[in-house]
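Structural description and commentary
Read off the chains here:
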Amino acid sequence: MSDTIYFNKETTQRRMKRRILLDRTARIVFSFTIVFALLVLGLLIYRVVSQSIGWLDIQFLTGKLSISAERAGIKSVLIGSAMLMLIVAPVTLVLGLATAIYMEEYSKKGALQYLINTNISNLSGVPSVIFGLLGLTVFGRLFGLGSSIMAGGLTLSLLVLPIVVVSSQEAIRAVPGFLRDASYALGATKWTTVRKIVIPTALPGIMTGSILSLSRAIGETAPLVVLGIPTLILRSPQGLMDDFTALPIQIYYWTLDTVLTKEYANLAASTIVVLLVLLFLMNSIAIFIRNKFQRRY
């Protein structure tokens, strides 16, 4: 006797109609959400760009900070942000890549590795102000770095380091196993295989994650506020131990000071446009690297 499954035609049609209705409803809701988000984003960009018109010029980019809104510029702010990235980039790349290589290629699989990976992933969700408090305690006071570029760079490095580690681990994990096997079959050592095969193959993913982490670091405000970064520096920083200010800090305080001087809103909008352009360029570079050098096996 063969097993036969009988379906109730009316019940099946009713369930199908309900599922089709649910699918259409979800599509409409999600489409409305996307359109609403794009409208809000477009409104914000329009508001910022319109307020920056007439203020964002060469004098603004090359001038010094001033209490006078008409004469204020962000040259020292741009230099401070650039020098900040000179600390964040090598620290996060070296430590993040080294950690990822050890965790994926050398550490033993087990509960300890799982615990470490879980904690690294959880660190990515810790509020940035917590890293600011950590940086203030360790770098600012314990090491006596104060509110220097070195203190700010090391603090932001701690903030984005988990992102670099996780993205590098994913890139290394995506390297096909037969490439490692072929290297070992030719007599290569473990380190030679990692250095000659694994890292070059995973480099597009590693660089993409690193650039995106730098994009987050250059736009962070809370850790720098906790460190006590000043807002008005009349001279550009000359060394890593000098005091500095950065783009998000200047935006934050100019926005607060609009209560006293309404022209500061135009300065804040102009600085926001500059920051958005930098973020757009960095993200575009990350996308280009991913699409240009990504290999398919």
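Note: the structure precedes this text.
Residues numbered from 1 in each chain as written. Predicted model: local features only at pLDDT ≥ 70, side-chain atom pairs only at ≥ 80, totals over all residues. Heavy atoms only, no water.

1. Concerning the overall build of the protein
Counting its regular elements, the protein contains 11 helices and zero strands. In terms of overall dimensions, the protein is more spread out than a globule: its C-alpha atoms have a radius of gyration of 25 Å, far above the 19 Å expected for 297 residues. Across its three principal directions, the C-alpha atoms of the protein cover 95 × 60 × 35 Å. Classification of the 297 residues of the protein by burial places 38% in the buried group. (Helix = DSSP H or I, 4+ residues; strand = E, 2+ residues; numbered from the N terminus. Rg over C-alpha atoms; globule rule 2.2 N^0.38 Å. Buried < 20%, exposed > 50% of the residue type's maximum accessible area, 1.4 Å probe, protein only.)

2. Quick look at the packing of aromatic side chains
Counted under the stated rule, the structure contains five aromatic pairs. Residues phenylalanine 60 and tryptophan 254 carry aromatic rings whose centres are separated by 6.5 Å and whose planes lie at 35 degrees to one another, so their mutual orientation is tilted. Taken together, the residues span a long stretch of sequence, with phenylalanine 60 in helix H2 (residues 58-62) and tryptophan 254 in helix H10 (residues 247-256) at a distance of 194 residues. Summarising the burial analysis for this pair, phenylalanine 60 and tryptophan 254 share the class buried. Judged by centre distance (6.5 Å) and plane angle (35 degrees), the ring pair of tryptophan 254 and tyrosine 264 falls under tilted. Of this pair, tryptophan 254 sits in helix H10 while tyrosine 264 sits in helix H11 (residues 264-293); the two residues are 10 residues apart in sequence, bridging distant segments of the chain. In textbook terms, an aromatic cluster arises when at least three aromatic residues are bridged by ring pairs, as seen for Phe60, Trp254 and Tyr264. (Phe/Tyr/Trp six-rings, centres within 6.5 Å; stacked < 30°, edge-to-face > 60°.)

3. Things to note about the nonpolar core
With 42 residues, the main nonpolar core has Leu224 and Trp254 as its most contacted residues. Elements with a minimum of two residues in this core: helix H3 (75-106), helix H5 (128-142), helix H6 (149-173), helix H8 (190-218), helix H9 (222-227), H10 and H11. A total of eight residues in this core trace back to one element, the largest contributor, which is H11. Residues within four places of leucine 224 in sequence aside, it is in contact with Leu84, Gly152, Leu156, Ile229, Phe244, Ala246 and Ile249. Counting residues in each nonpolar core, the second largest holds 12 residues, with Leu97, Ala100, Ile172 and Ile206 among its members. (Core = buried A, V, L, I, M, F, W, Y, C linked by side-chain atoms within 4.5 Å. Contact = heavy atoms within 4.5 Å.)

4. Side note on the pattern of salt bridges
A full pass over the atoms with the stated rule returns six salt bridges. Among the ionic pairs, aspartate 23 bridges to arginine 27, the shortest N-O distance being 3.1 Å. Taken together, the positions of aspartate 23 and arginine 27, both in helix H1 (residues 9-52) and four residues apart, correspond to about one turn of that helix. By relative accessible area, which is 42% here, aspartate 23 ends up partly exposed. Close ionic contact of glutamate 105 with arginine 180 constitutes a salt bridge, the shortest N to O distance being 2.8 Å. In this pair, glutamate 105 sits in helix H3 while arginine 180 sits in helix H7 (residues 177-185), placing the two residues 75 residues apart along the sequence. According to the relative accessible area criterion, arginine 180 is buried, its value standing at 15%. Residues participating in the shared-partner salt-bridge network are Glu104, Glu170 and Arg173. (Salt bridge = Lys/Arg side-chain N within 4 Å of Asp/Glu carboxyl O.)

5. Structural notes on empty space enclosed by the protein
Under the defined criterion, the tally for this structure stands at one cavity of 30 Å³ or more. The volume enclosed by the largest cavity comes to roughly 30 Å³. Along the walls of the largest cavity sit Ser81, Leu84, Met85, Ala217, Ile218, Glu220, Leu224, Ala246 and Pro248, which together make up its complete lining. For the lining of the largest cavity, the secondary-structure elements that each account for two or more residues are H3 and H8. Taken together, the residues of the lining of the largest cavity break down into seven nonpolar, one polar and one charged. (1 Å grid on protein atoms, 1.4 Å probe; cavity = no way out; pocket = protein on both sides within 12 Å on 5 of 7 lines; lining within 4 Å. Points joined across faces, edges and corners; volume = space filled by probe spheres on them. Nonpolar A, V, L, I, M, F, W, Y, C, P; charged D, E, K, R; others polar.)

6. Brief notes about the side chain of serine 107
Take serine 107: it is sitting in the loop between H3 and helix H4 (111-123). For serine 107, a relative accessible area of 14% corresponds to the buried category. Within the structure, serine 107 has its side chain in polar contact with the backbone oxygen of methionine 103 (distance 2.7 Å). Sequence-distant contacts of serine 107, that is, excluding residues within four places in its chain, are made with Tyr102 and Gln113. (Polar contact = N/O pair within 3.5 Å; in protein donor to acceptor, adjacent residues only side chain to side chain.)

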